[in-house]
Amino acid sequence: MDEDSLHISDSDEAKASISRLLKAIEGWATKESQKGELELTAFSAALASGLISFHDFTSKDCRNSQNLIGAVSRAKQHIDKEHKKFDSEIDKMHIKFAQEMEELDLKIIRDRKEFKNYLISVIYAEEYNKLRLALTNIFETLDAKSKYENAST
């Protein structure tokens, strides 16, 4: 093959197929982002899984996928809210535990349920933090790429 030959991945048909795939992803994301809180968390986890390579989207793809950016933004806002909720719960528990530091060892033994709830909150806070960071990265990538050519025109 010489330099002037067209690669299959650069053909109009391949580009059209990619456009259809992006529209399907955008449609799926839009529907998922309009569901309840539990589903929004699951949607966020799906986005953060790395299955979709958002950094490979072109600036043009991002400009043409404003609904996708909106869906990611809704998921990000949900995850931010959940992270703050669990973070706040942990802060309250830290204050409470600090006030009862002398009794903490006995309290853990006496009230295992309360300490278990604390541990569960710590685990959820960490999970939501990981999702929050991943969604923030995805959103910022898509948003920046959607504005990239607009800034130069």
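Engineer: What should I look at first to understand the packing of aromatic side chains in this one?
Structural biologist: Within a pair of aromatic rings, the relevant descriptors are the distance that separates the centres and the angle that separates the planes. For the coordinates displayed, the defined rule picks out four aromatic pairs. Where Phe86 meets Tyr124, the ring centres are 5.4 Å apart and the plane angle is 45°; that geometry is what we call tilted. One end of the pair, Phe86, is in helix H4 (residues 66-99); the other, Tyr124, is in helix H6 (residues 112-152), with 38 residues separating them in the sequence. Note on Phe86: relative accessible area 11%, which makes it buried. In this structure an aromatic cluster arises from ring pairing among Phe86, Tyr124 and Tyr128.

Engineer: What is the right way to read helix H1 (residues 12-32) from this model?
Structural biologist: Across its 21 residues, H1 extends 30 Å between first and last C-alpha, which sits within 8% of the 30 Å expected from 1.5 Å per residue. Taken together, the buried residues of H1 touch helix H2 (37-48), helix H3 (59-63) and H4.

Cut-offs used in this document
Residues numbered from 1 in each chain as written. Predicted model: local features only at pLDDT ≥ 70, side-chain atom pairs only at ≥ 80, totals over all residues. Heavy atoms only, no water. Phe/Tyr/Trp six-rings, centres within 6.5 Å; stacked < 30°, edge-to-face > 60°. Helix = DSSP H or I, 4+ residues; strand = E, 2+ residues; numbered from the N terminus. Buried < 20%, exposed > 50% of the residue type's maximum accessible area, 1.4 Å probe, protein only. Expected span 1.5 Å × (residues − 1). Contact = heavy atoms within 4.5 Å.

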